[in-house]
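Spelled out from the first residue to the last, the chains are:
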Amino acid sequence: MIELTNVHKRFGSNEVLKGITASVEKSEVVCIIGPSGSGKSTILRCINGLESYDSGDILVEGARVDNKAPSIVAIRTQVSMVFQRFNLFPHRTALENVVEGPIYVKKEPPAQALERGRALLAQVGLAEKADAHPGQLSGGQQQRVAIARALAMQPKAILFDEPTSALDPELVGEVLGVMRKLADDGMTMVVVTHEMGFARDVADRVLFIDGGVIVEQGAAKSVLNAPQHARTQDFLHRVLHPL
Amino acid sequence: MQNFLRDTVEFLPILLQGVWLTVVVTIGSLLLSTVLGLLWALMRVSGIRVLSGLSGGLINVIRGIPIIVLLFYLYFVMPDFGVALTALQASIIGLGIAYSAYQAENFRAGIEAIDKGQIEAAQTIGMGWWLTMRRVVLPQAVRIVLPPYGNVMIMMLKDSSQASTITVAELALQGKLIASSTFKNTSVFTLVALMYLTMSIPLILLVRHFENKANRK
């Protein structure tokens with residue numbers, strides 16, 4: 001449902017994506033791993049048009065992603081995004097954050113959107129926090145609200161940009177738990193992450209990216225347990241055995 | 001002191017008529033400057049080069065012309081072009097335009113202070129530019145903008161006295177008229193100053209309230 005063909009992207013003189021070709025099937029969970037600055041987040045940001053790309057093609061359900069074209073709005077309602085720093089709207093409650101898109105973008109009747117919003121908050125374990133503002137929530141709770149906000153758009157896929165990197169270690173589990181449930185329910189997910197345990201257990205496929213190219217990809221277990229490429233081996237060694 | 005009290009009783013009713021016009025000019029030009037300032041600021045951050053360039057140019061032109069010249073222009077020059085304004089209209093429009101430049105810069109600073117992640121989050125749930133502004137950016141920018149906005153209100157209250165130069169009989173002009181006919185300069189201008197101060201104090205308290213609220217956030 002998401003297809004990237006020979007995607008190039010440069011920031012000034014720095015080419016961050018050097019011909020990325022990859023695809024994500026429906027209900028597939030794909031984890032993107034790799035060192036910082038390798039272009040992982042840029043791939044996600046190009047898929048839903050937060051960044052433009054210089055050449056190549058990105059298709060979502062057959063529609064070309066072009067962040068200058070009006071069609072980008074329709075694509076964004078199909079492909080939601082969850083950010084490293086949550087980016088909840090601080091002036092609105094958890095529930096208001098969740099129903100903002102359905103009511104103001106999709107024009108759902110408010111009563112219906114609110115009912116579904118409450119159900120989504122319950123789904124991420126935050127039914128009792130509906131009226132709390134983001135400032136009153138922990139990082140893990142905020143990220144779960146952000147996931148509920150993404151789900152409220154009834155997307156066909158969700159992009160996760162290092163969803164647990166800004167969390168205290170003891171809060172990582174609650175967010176990964178919610179993501180694992182989503183994966184079990186058949187949500188198509190692309191996850192940029194440093195959580196190798198999550199990638200191994202939940203992902204169908206793993207892409208290892210370094211220097212703007214896909215160095216290695218394949219079934220999660222084979223890439224993570226028996227990496228073929230020296231750069232993948234080196235990266236995994238440094239992540240899994242930092243000392 | 002006794003003289004002052006006697007003068008107060010005598011002149012206060014006339015000066016209060018001036019207060020009414022001062023309030024009308026201040027509120028009128030505050031509203032106009034807010035609307036225009038917001039328009040210039042939105043043009044400036046629209047990302048459309050023609051609009052942001054136009055707005056930037058306008059702001060600089062407005063900032064570079066003294067308020068009093070702007071008032072003279074509207075009141076004395078515009079009739080030559082077939083646009084005759086009353087003194088009150090000219091003063092509200094002139095002050096409104098003059099202050100719109102400062103309001104615009106204030107609003108722009110508030111808008112640009114909003115974290116880019118907020119805008120991206122709005123975009124990823126499919127919001128367009130205007131919806132993002134209305135639902136996400138402006139409600140948050142208001143909190144940042146309010147304390148300086150309060151200061152602009154105080155400055156406008158005082159600068160409304162410039163309307164006296166085009167015959168609007170607001171507080172300063174009423175004071176000047178009484179003083180020049182009675183020669184009681186001390187009493188009259190002390191009264192005028194106290195009346196401006198009295199009107200400013202609630203605004204000063206309002207600014208402090210805004211600042212406390214902004215700091216708590």
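Nothing here was measured: the structure is a model prediction, and the numbers come from that model.

Caption draft 1: Structural detail: the overall build of chain A. Counting its secondary structure elements, chain A contains nine helices and 10 strands. Over its C-alpha atoms chain A spans a radius of gyration of 18 Å, differing by no more than 12% from the 18 Å that the globule rule assigns to 243 residues. In terms of overall dimensions, chain A has a C-alpha envelope of 55 × 45 × 30 Å along the principal axes. Residues classed as buried in chain A amount to 55% of the 243 residues present. Counting contacts in chain A only where the partners sit at least 6 residues apart, residues at least 24 apart contribute 64% of the total. When the accessible surface of chain A is summed, it comes to about 10,100 Å², and 49% of that surface belongs to carbon and sulfur atoms.

Caption draft 2: Looking closely at helix α3 (residues 94-104) of chain A. With nine of its 11 residues buried, α3(A) lies for the most part within the structure. Inspection of α3(A) places A94(A), L95(A), N97(A), V98(A), V99(A), E100(A), G101(A), P102(A) and I103(A) among the buried residues, and these make up the whole buried set. Turning to α3(A), the residues buried within the fold contact α4 (110-123) and α5 (139-152) of chain A together with α6 (129-159) of chain B.

Caption draft 3: Molecular detail of the interface of chain B and chain A. Taken residue by residue, the interface counts 19 residues in chain B and 21 residues in chain A. Both sides of the chain B and chain A interface together cover about 1,700 Å² of buried area, and 57% of this is carbon and sulfur. Broken down residue by residue, the surface that chain B buries against chain A is led by T124(B), I125(B) and R135(B), which jointly contribute 39%. Between the two partners, chain B and chain A, sit two salt bridges. Note that E100(A) is salt-bridged to R135(B), the shortest N-O span being 2.6 Å. Applying the counting rule to chain B against chain A returns seven residue pairs in polar contact (both at pLDDT 80 or more). Elements with a contribution of two residues or more to the side of chain B that touches chain A: α5 (116-124) and α6 of chain B. Considering each element in turn, the side of chain B that touches chain A owes the most residues, eight residues, to α5(B). Counted by class, the side of chain B that touches chain A contains seven nonpolar, six polar and six charged residues.

Caption draft 4: Region of interest: the nonpolar core. Residues and elements named next belong to chain A. By size, the foremost hydrophobic cluster in this structure holds 53 residues, and its most contacted members are L121, I147, F160, M179, M189 and V206. When residues of this core are assigned to their parent elements, the largest contribution, eight residues, is made by helix α6 (residues 169-184). With residues up to four places along the chain from it excluded, the contact list for V206 reads C31, I33, A199, E216, Q217, G218, A220, V223 and L224.

Caption draft 5: Looking closely at a nonpolar patch on the surface. Together, L194(B), L197(B), I201(B), I204(B) and L205(B) line one region of the surface with nonpolar side chains, adding up to about 430 Å² of accessible area. Here L205(B) is to be found in helix α8 (residues 185-216).

Caption draft 6: Representation of the sheet that holds strand β2 (residues 14-24) of chain A in the model. Residues and elements named next belong to chain A. One open sheet accounts for four strands, arranged β2-β1-β4-β5; its pairing is antiparallel. With partners counted over all chains shown, the strands left at the sheet margins are β2 and β5 (63-64), one partner each. With eight bridges joining them, strand β1 (residues 2-11) and β2 adopt antiparallel strand pairing. When the bridges of β2 are listed, E3 appears paired with S23.

Caption draft 7: Layout of the packing of helix α1 (residues 2-44) of chain B against α6(B). All names here are of chain B. Taken N-terminus to C-terminus, the directions of α1 and α6 make an angle of 145°; their axes are 11 Å apart at the nearest point. The two elements α1 and α6 meet at a crossing, and its hand is right-handed. On α6, the residues that touch T22, T26, S29, L30, S33, T34, L38 and L42 of α1 are W129, W130, M133, L138, Y149, M153, M156 and L157. Residues that form the contact of α1 with α6 fall into these classes: 11 nonpolar, five polar and no charged.

Caption draft 8: Looking closely at the sheet that holds strand β10 (residues 213-219) of chain A. Residues and elements named next belong to chain A. Spatially, six strands are ordered β6-β7-β8-β3-β9-β10 in an open sheet, and the strand pairing comes out mixed. Strands at the two margins of the open sheet, each flanked by one partner only, are β6 (79-82) and β10. With strand direction ignored, the average angle separating the axes of adjacent strands in the sheet is 15°. Across four bridges, β6 lies against strand β7 (residues 157-161) in parallel orientation. By the bridge assignment for β7, M81 is matched with L159. Contacts from α6 reach β3 (29-33), β7 and β8 (188-192), with the element oriented near 145° to β8.

Cut-offs applied
Residues numbered from 1 in each chain as written. Chains lettered and ligands numbered in written order. Predicted model: local features only at pLDDT ≥ 70, side-chain atom pairs only at ≥ 80, totals over all residues. Heavy atoms only, no water. Helix = DSSP H or I, 4+ residues; strand = E, 2+ residues; numbered from the N terminus. Rg over C-alpha atoms; globule rule 2.2 N^0.38 Å. Buried < 20%, exposed > 50% of the residue type's maximum accessible area, 1.4 Å probe, protein only. Contact = heavy atoms within 4.5 Å. Areas by Shrake-Rupley, 256 points an atom, 1.4 Å probe, with all protein chains shown as cover. Buried area = accessible area lost by both parts, 1.4 Å probe. Salt bridge = Lys/Arg side-chain N within 4 Å of Asp/Glu carboxyl O. Polar contact = N/O pair within 3.5 Å; in protein donor to acceptor, adjacent residues only side chain to side chain. Nonpolar A, V, L, I, M, F, W, Y, C, P; charged D, E, K, R; others polar. Core = buried A, V, L, I, M, F, W, Y, C linked by side-chain atoms within 4.5 Å. Patch = residues over 30% accessible without salt bridge, like charges linked within 9 Å, V, L, I, M, F, W, Y side chains within 5 Å. Pairing = 2+ DSSP bridges. Axes fitted to C-alpha atoms, helices over the stretch in contact; angles between N-to-C directions. Left-handed = near helix turned anticlockwise from the far one by under 90°.

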